[in-house]
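One-letter residues, chain by chain:
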Amino acid sequence: MKTRALGRTGIQVSPYCLGTMMFGRTGNPDHAECVRMVHRALEAGINFIDTADVYGPDGESEEIVGKALKGRRDDVVLATKVNGPMGQDPNRRGSSRRWIVTEVEHSLRRLGTDHIDLYQVHHPDPATDIEETLSALTDLVRSGKVRSIGCSNLPPAQIVEAHWVAERRGLERFRTEQPPYSILNRAIECEVLPVCERYGMGTLVWSPLAMGLLTGRHRKGHPSDAHAARMQWVPRHMTDQRKLDAVEQLLPLAEQAGLPLTHMAMAFVLTHPGVTSAIIGPRTMAHLDDLLAGATTTLDDGLLDRIDAIVPPGTDVGPLDVAYVPPALTETALRRREAGQRAVTSA
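Asker: Quick one: what's the story with the sheet that holds strand β8 (residues 176–178), residue by residue and with numbers?
Answerer: The parallel closed barrel is built from eight strands, whose spatial order is β3-β4-β5-β6-β7-β8-β9-β10. Sheet twist, expressed as the mean angle between neighbouring strand axes with direction ignored, is 30°. In terms of strand pairing, strand β9 (residues 202–205) meets strand β10 (residues 277–280) through two bridges, oriented parallel. Bridging from a neighbouring strand, V205 pairs with A278 of β10. Against the sheet, helix α4 (residues 97–111) touches β5 (77–82), β6 (116–121) and β7 (146–152), its axis set at about 135° to β6.

This is how it looks when you write it as structure tokens:
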């Protein structure tokens, strides 16, 4: 695979990034097969691996990646994440200095390495000052435990705020962002991708296959066996009739182009100039081989125009259950005045 620049870090990465969320009990519990999948990806030219402390769950994915990279660590750009809950203790999560400097040691141990190439904040943390987070991450970079830092699921205004804080305080700045992006969820085209391009950030997009809807295996009125498992996790997404209708329009489009829907979906996200890598998250070797077979696929302007006609640029067909939603939308008290303050008086 030809490599792409990871923002302005000077690091070169493959357009496909191997995501390992499905490694472990929540996906594929066979450690040996997961290790083989890592090796297969490396042989195919993928040099970028993304994991997180919460995957597996509870670090199991990091442990599998660590096993797979023994003797090969220097050949891989290794990314992991911090912020998600790692137990019931409220201080074993979030983006505080206390947790970041503790959890990075756990990730290093599980991964069997002395450094992380890209350490990402998994989700926004409204309870923690961004300066607190950037200060802790800066210390990790200066200590050599982390090479570069990034964010994930951060709204564009918060990306800009983080850059301003880093510049004014002399701190390390986020070099990458990891947002959701697929044919069915294109909202990041409006602001997130342009902001990342403006600040020279690399972009790793997750769920390019729309949590499985763009595999072609989940059809309207004909759910697959895998559909049942996804229903426990993203029920609104898997039953969104607008998305299912869009898939029914995309399938014949891919067929006319002589492409599997998976290959068209992956090529679509990699066409955008603001996208560095697309994260693939195979659960089995068969899934991985299918995706690797389409690694050289490109889409012409005519096909891209027809995709735009089905899902207009910058739009989400429907929300993702697991996408970040700011407290201003989830907490009623933040968008409604107290009852006693609602009265409107006229002059």
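Asker: Can you break down the packing of helix α1 (residues 31–43) against helix α3 (residues 60–68) residue by residue, with the values?
Answerer: A pair of packed helices can be characterised by two numbers: the angle between their axes and the separation between those axes. In contact at an axis separation of 9 Å, α1 and α3 are set at 60° when each is read in the N-to-C sense. By the angle between their directions, the pair α1 and α3 is classed as oblique. The crossing of α1 and α3 is right-handed. Together, H31, C34, V35, V38 and H39 of α1 and E60, I64, K67 and A68 of α3 make up the contact between the two elements. Here the contact of α1 with α3 is composed, by residue class, of five nonpolar, two polar and two charged.

Asker: Lay out the packing of helix α5 (residues 130–143) against helix α6 (residues 156–169) with the relevant residues and their values.
Answerer: Where α5 meets α6, the axes come as close as 10 Å, and the angle between the chain directions of the two elements is 60°. Taken together, α5 and α6 sit at an angle that is classed as oblique. As α5 runs across α6, the sense of the crossing is right-handed. Two secondary-structure elements touch here, α5 through I130, E131 and L134 and α6 through E161, A162, V165, A166 and R169.

Rules used throughout
- Residues numbered from 1 in each chain as written.
- Predicted model: local features only at pLDDT ≥ 70, side-chain atom pairs only at ≥ 80, totals over all residues.
- Heavy atoms only, no water.
- Pairing = 2+ DSSP bridges.
- Helix = DSSP H or I, 4+ residues; strand = E, 2+ residues; numbered from the N terminus.
- Axes fitted to C-alpha atoms, helices over the stretch in contact; angles between N-to-C directions.
- Contact = heavy atoms within 4.5 Å.
- Parallel < 35°, antiparallel > 145°, perpendicular 65-115°, else oblique.
- Left-handed = near helix turned anticlockwise from the far one by under 90°.
- Nonpolar A, V, L, I, M, F, W, Y, C, P; charged D, E, K, R; others polar.

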